[in-house]
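# Working through the structure, step by step
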Amino acid sequence: MQYTFSLTLNSEDDTQKLAQVLAQHFNSGVVYLVGDLGAGKTTLSRYFLTALGHQGAVKSPTYTLVEPYTIQGRDVFHFDLYRLHDPYELELMGIRDYLEIPNALFLFEWPSKGGSEIPQADLIIDILKSDDDLQRQVSISTESAELFNKLREKMNVA
């Protein structure tokens, strides 16, 4: 069963708070970050990685497809599939080697471009920017009732 809740992010501080809550309750598995260009997928990823304990710059993997991190002994892989022409390119770059790493966290921006080469998401974050670009409507989905309840509670969503 899929559990979903929505919330509004009115500022970058709200985005940072969401990232901190995510880091407290989700630090391994697969996250899909969905949204148009400029919706805030990379910004949320940066705050998420920082909240997990990364120190230093967080580069966008737009051109490299993946940026690997080791944060407090945990492997984290931030993928941006926007420039992918064919999902098979992931196979050629050795995605299976990444996916075999136990207890890793995988962040996938533009997951629709990965086709069947990427695993199903444990958490889907869909970001929609407002017409005036001042707010973000975020929909968060998971099949875990426990994760759903924790995230919803911490984000003060009824």
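Below: a short report on this structure. A quick note: this is a predicted structure, and the numbers were derived from the prediction, not measured. (Residues numbered from 1 in each chain as written. Predicted model: local features only at pLDDT ≥ 70, side-chain atom pairs only at ≥ 80, totals over all residues. Heavy atoms only, no water.)

### Side note on the environment of histidine 25
Inspection of the secondary structure assignment puts histidine 25 in helix α1 (residues 12–25). Each C-alpha atom, one on histidine 25 and one on lysine 150, is 7.4 Å from the other, the two residues being 125 residues apart in sequence. If sequence neighbours within four positions are ignored, histidine 25 has contacts with Leu147, Lys150, Leu151 and Lys154. (Helix = DSSP H or I, 4+ residues; strand = E, 2+ residues; numbered from the N terminus. Contact = heavy atoms within 4.5 Å.)

### Let's talk about the pattern of salt bridges
Following the criterion strictly, the structure yields 4 salt bridges and no others. A salt bridge links aspartate 133 to arginine 136, with the shortest nitrogen-to-oxygen separation between them at 2.9 Å. Looking at aspartate 133, the relative accessible area reads 41%, which means it is partly exposed. (Salt bridge = Lys/Arg side-chain N within 4 Å of Asp/Glu carboxyl O. Buried < 20%, exposed > 50% of the residue type's maximum accessible area, 1.4 Å probe, protein only.)

### As for the packing of aromatic side chains
Counted according to the given criterion, the structure contains 8 aromatic pairs. Centroid distance phenylalanine 79 to tyrosine 98: 5.7 Å. Interplanar angle 90 degrees. Geometry classified as edge-to-face. A residue pair is termed long-range when its members are at least 10 positions apart, and phenylalanine 79 in strand β4 (residues 74–80) and tyrosine 98 in helix α4 (residues 95–99) qualify at 19 residues. Directly above the ring of tyrosine 82 sits lysine 113, whose terminal nitrogen or CZ lies 5.4 Å from the centroid. (Phe/Tyr/Trp six-rings, centres within 6.5 Å; stacked < 30°, edge-to-face > 60°. Lys NZ or Arg CZ within 6 Å of the ring centre and 35° of its normal.)

### Focus on the side chain of serine 45
Inspection of the secondary structure puts serine 45 in helix α2 (residues 41–52). Not counting residues within four places of it along the chain, the set of residues in contact with serine 45 comprises Leu33, His78, Leu107 and Glu109.

### Digging into helix α5 (residues 145–154)
Taken as a whole, α5 has its buried residues at Leu147, Phe148 and Leu151. Angularly, the buried residues of α5 cover 100 degrees about the axis, an arc narrow enough to put them on a single face. Exposed residues on α5 whose side chains face more than 90 degrees from its buried face are Glu146 and Glu153. Structurally, α5 contributes buried residues whose contacts are with β1 (3–9), α1, β6 (123–129) and β7 (136–142). Trailing α5 by a residue or two, asparagine 156 shows a phi angle of about 55 degrees, which is positive. (Arc of directions from axis to C-beta.)

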